[in-house]
Amino acid sequence: QVQLVESGGGLVQPGGSLRLSCTASGSIFSINAMSWYRQAPGKQRDMVATIISGGRITYADSVKSRFTISRDNAKNTVYLQMNSLKPEDTAVYYCNADIIVTTPLRNMNYWGQGTQVTVSS
């Protein structure tokens, strides 16, 4: 009913930058919040950044001042600009969205398929 498609991952050297994108499509009435999570091998999935419909933004302490989350409501797309990347940022990054879907109207939560980010020299 709703799909989240991510793009923008890859291999980057320490200190480099990447921008991730996630677009939601399908039977969308409105989007309450969009978030980025990440999961490193052998570790739990952790929240990286969240932006809610009113514009409030939350970041994990580990990425504050380096990562920026933004949203294009017209395109149902969320971005994550990642600067000053460190090897410890290496993980699979997942998009998450809290969406009100149509027919019938109800609140649902969706995950993207994940995109690999590797920070290494």
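One can find the structure itself at the top, above this paragraph.
Conventions used here
Residues numbered from 1 in each chain as written. Predicted model: local features only at pLDDT ≥ 70, side-chain atom pairs only at ≥ 80, totals over all residues. Heavy atoms only, no water. Helix = DSSP H or I, 4+ residues; strand = E, 2+ residues; numbered from the N terminus. Buried < 20%, exposed > 50% of the residue type's maximum accessible area, 1.4 Å probe, protein only. Polar contact = N/O pair within 3.5 Å; in protein donor to acceptor, adjacent residues only side chain to side chain. Contact = heavy atoms within 4.5 Å. Pairing = 2+ DSSP bridges. Axes fitted to C-alpha atoms, helices over the stretch in contact; angles between N-to-C directions.

A. Seen up close, unusual backbone geometry. The omega torsion of the bond from T103 to P104 falls at -10°, within 30 degrees of zero and hence cis. Phi is positive for N76, which is not a glycine, with a value near 50°. Its location among the elements puts N76 in the loop between strand 7 (67-72) and strand 8 (77-82). You can call N76 partly exposed: its relative accessible area is 23%. With a phi angle near 50°, S84 is a residue other than glycine that sits in the positive phi range. Taking the relative accessible area as the measure of exposure, S84 reaches 41% and is therefore partly exposed.

B. Representation of the side chain of D89 within the structure. For D89, the position within the fold is in the loop between strand 8 and strand 9 (91-101). Within polar-contact distance, the side chain of D89 engages the backbone nitrogen of K86 at 2.8 Å. Setting aside residues up to four positions removed in sequence, D89 forms contacts with R38, R66, F67, S84, V117 and V119.

C. Looking closely at the sheet that holds strand 1 (residues 2-7). Strand order in the open sheet made by the 4 strands is 1-3-8-7, with antiparallel pairing throughout. Every other strand in the sheet has two partners, leaving strand 1 and strand 7 as the edge strands with one partner each. With direction set aside, neighbouring strand axes in the sheet form an average angle of 15°. Of the pairings in the sheet, the one linking strand 7 to strand 8 comprises 6 bridges and is antiparallel in character. Following the sheet pairing, S70 is matched in strand 8 by Y79.

D. Main features of the pairing of strand 8. Most of strand 8 sits out of view: 5 of its 6 residues are buried. Both strand 3 (residues 18-26) and strand 8 contribute to a ladder of 6 bridges, which runs antiparallel. Bridged to L18 within strand 8 is M82. Taken together, strand 7 and the strand that follows it, strand 8, pair antiparallel across an intervening segment of 4 residues, in which N76 is found at a positive phi of about 50°.

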